[in-house]
Amino acid sequence: MSVKLHGIPVSGGIAIGHAHLLSHTTLEVAHYVLPKKLVVEEVARFDTSLESTRTGLLALRNNRPVQAAAEFDSFLELHLMILADTHISQAPREMIEREHCNAEWALKVQMDALVTQFESFEDAYLRDRKTDVVQVVERILKTLAGQSGHVPRATRHNVSAILIAHDISPADLIQLRPQQFTAILTDLGGATSHTAIIVRGLNKPCVMGLHQARKLTQENELLIVDGTQGVVIINPDKQTLAEYKQRQNHWEKAQQKLRLLKSTPAITQDGTTIELHANIEWPHDLAEVHATGATGIGLFRSEFLFLNRDNLPDEEEQFEAYRSVVKGMAGKPVTIRTFDLGADKQINGAQRVANNPALGLRAIRLCLTEPALFHTQLRALLRASVYGNMKILVPMLSGTNEINQTLKFIADVKTSLDREHIPYNPDTKIGGMIEIPAAALALNAFTKKMDFLSVGTNDLIQYTLAIDRTDEDVAHLYDPLHPAVLHLLEHIISTANKAKMEISVCGEMAGEVAYTRLLLGFGLRQFSMNTAQLPGIKHRILHTNLADTMPIAQKILRADDPIKIRELLDRLNA
Ligand code: PEP
Ligand code: MG
């Protein structure tokens, strides 16, 4: 029987292929009964997995990342304690011996019993510790599966495999080498999560927030994914399949046509040149930057150099990465953002220790509390600055104090380079991301002290509307057209323009054709986006008359009814 699911459209295009389910959670363990002669072996298998999990946790404790928060130690102690608890270390053993079941099943049954106990506690803190129990059991299960704590690599699939995960972090997705899949689907997640951003950069159809896709799909089942509409069809009938094959053909032809615009400058019909820059995550993304004809790099998310590894990239490694990008762009602007770790991008071992990671020690806040780490990155960046046109962008600044501290920090790094006679460009421009409403409302501090600004609409919307950008349950409330967001955006752009300060938008809004004319109408002349979106945005700019956009953009700003705003936007885009 054919089933149609609706989710959040994350990355456009049509894919047709076979499902590959990413098994990830404890709730999906198999249950089987073993022949009596294998029971001793199964108990030994269980004991070995416990011991390797313990060794893994101890290794994490001994190699505590320098920037890990103080909670890191207590989190590890707690996990070691849970591991030693008899519910986890003894009861499953006895159950295997008694019932001859597999180790995974015994572990899951005992975990459920322990979780139930935790749920009955009156104390909220203790109640919440059930999550730690589940995390410890997940670790053991991964060890049992011989995966040593990593998600499996799906190498056996051909290029038409469609990955279905319940949820997947950016770090896990990278490990899976997502290039090998033709489309990616998740039950959880929002359209501006970093997982979504990576998939969009790969130009693969993607739908998130599907809720039940992982449960309703069988391994290898035929699927159609319409990433533009956010639709997934499981087991399509012949007629639907034929219809979508045709749509897929059209989409691919349209994409090829757009890519022919590579060397065409982005100039509006009334003659204004618009800068279209690219967002990248790694130096190897440069190939796509050149293929799409971006006129610069508006956002290099340097924190991706820090993910999926047990050590931290040292100054030399970072320097080589930054230099290769700056040199590769041959004099075109390259904006490198200092690392924005925290929230949904954690380095190995520092997982989910904060209660509220998006509001916690993230980005510049983390840098200023871990000066050694920040110092290393700034040295590497400044050293790379002599190889081209490089700028430094600082994420999550909220106002004067953080700006002053950051600028002082950079000045100190320059002094240390001077002392060692190491060359750098003393005029390297330092910019601030405007992605916290406080920054947008206290913009003077930024226009006075920084050299350029870049608006991170993903976070600006998240923090303005109090919507966790990674949570699909509130994804429907994530609204770039909310009047509060529009007012902030217009205010930032017009204030920067009046102050003659370079201003760009590098959040996902910059790569959505639906908002191009609106942002142009607010006065934006520099956009930075995923390379996959760049040709479409250029096409829209080539078909836009700026003089027509401004009055409608102003009307949209004055409207407060969502329906009216949509109507006006449709008019603007007609
Ligand atoms: C943003 O917040 O819009 C942004 C560009 O930064 P990131 O998506 O990496 O948080
Ligand atoms: Mg951001």
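That block above? That's the structure.
Residues numbered from 1 in each chain as written. Chains lettered and ligands numbered in written order. Predicted model: local features only at pLDDT ≥ 70, side-chain atom pairs only at ≥ 80, totals over all residues. Heavy atoms only, no water.

Enquirer: Where do I start with the site of ligand 1 in this structure?
Expert: As a structural note, the neighbourhood of ligand 1 is formed by 17 residues, with His194, Arg301, Arg337, Asn458 and Arg469 the closest of them. Taking a 2 Å distance to the grid points as the criterion, the majority of the atoms of ligand 1 fall inside the largest cavity. Of all the secondary-structure elements, those providing two or more residues to the shell around ligand 1 are helix H9 (194–201), strand S10 (297–301) and helix H19 (457–465). Per element, the largest residue contribution to the shell around ligand 1 is three residues, and it comes from H19. (Near = heavy atom within 4 Å. 1 Å grid on protein atoms, 1.4 Å probe; cavity = no way out; pocket = protein on both sides within 12 Å on 5 of 7 lines; lining within 4 Å. Sits in = over half its atoms within 2 Å of the grid points. Helix = DSSP H or I, 4+ residues; strand = E, 2+ residues; numbered from the N terminus.)

Enquirer: Before we go on, may I ask you to explain the coordination of the magnesium ion (ligand 2) in this structure?
Expert: By definition of the ideal shapes, a tetrahedral metal site with four donors has angles of 109.5 degrees and an octahedral site with six donors has angles of 90 or 180 degrees. Taken together, the protein ligands of the magnesium ion (ligand 2) are Glu435 (OE) and Asp459 (OD), with distances of 2.0 to 2.1 Å. Separated by 24 residues along the polypeptide, glutamate 435 in the loop between strand S13 (429–434) and helix H17 (437–441) and aspartate 459 in helix H19 bring together distant segments of the chain. (Donors = N, O, S within 2.8 Å, 3.2 Å for Na, K, Ca; no water.)

Enquirer: What am I meant to see in the layout of surface pockets here?
Expert: Empty space among the atoms can be located by rolling a probe the size of a water molecule over them. Taken as a whole, the second largest pocket holds about 1,200 Å³ of empty space. Breaking the lining of the second largest pocket down by element, the ones donating at least two residues are strand S2 (8–11), helix H11 (238–259), H19, helix H21 (513–521) and helix H22 (534–542). Considering only residue class, the lining of the second largest pocket consists of 16 nonpolar, 19 polar and ten charged. Counting contributing residues per domain, the lining of the second largest pocket is built from domain 1 (3–22 + 151–237) and domain 3 (262–572), each supplying no fewer than three. (Points joined across faces, edges and corners; volume = space filled by probe spheres on them. Nonpolar A, V, L, I, M, F, W, Y, C, P; charged D, E, K, R; others polar. Domains from an automatic or database assignment.)

Enquirer: Mind showing me how you'd approach the state of the cysteines here?
Expert: Where two cysteines share a covalent bond between their sulfur atoms, that bond is called a disulfide. Applying the stated criterion across every chain, the model contains zero disulfides. This cysteine, cysteine 367, is not joined by any disulfide, and cysteine 506 carries the nearest cysteine sulfur, 16 Å off. Overall, cysteine 367 belongs to the buried group, its relative accessible area being 0%. (Disulfide = S-S within 2.5 Å. Buried < 20%, exposed > 50% of the residue type's maximum accessible area, 1.4 Å probe, protein only.)

Enquirer: Quick question: what am I supposed to make of empty space enclosed by the protein here?
Expert: Scanning all chains against the criterion turns up three cavities of 30 Å³ or more. Taken as a whole, the largest cavity spans an internal volume of roughly 60 Å³. Looking at the largest cavity, it is lined by 14 residues, and the ones nearest its centre are Arg301, Arg337, Glu435, Asn458 and Asp459. Elements represented by at least two residues in the lining of the largest cavity include exactly S10 and H19. In terms of residue class, the lining of the largest cavity is built from three nonpolar, four polar and seven charged.

Function-wise, these values are silent; they only describe arrangement.
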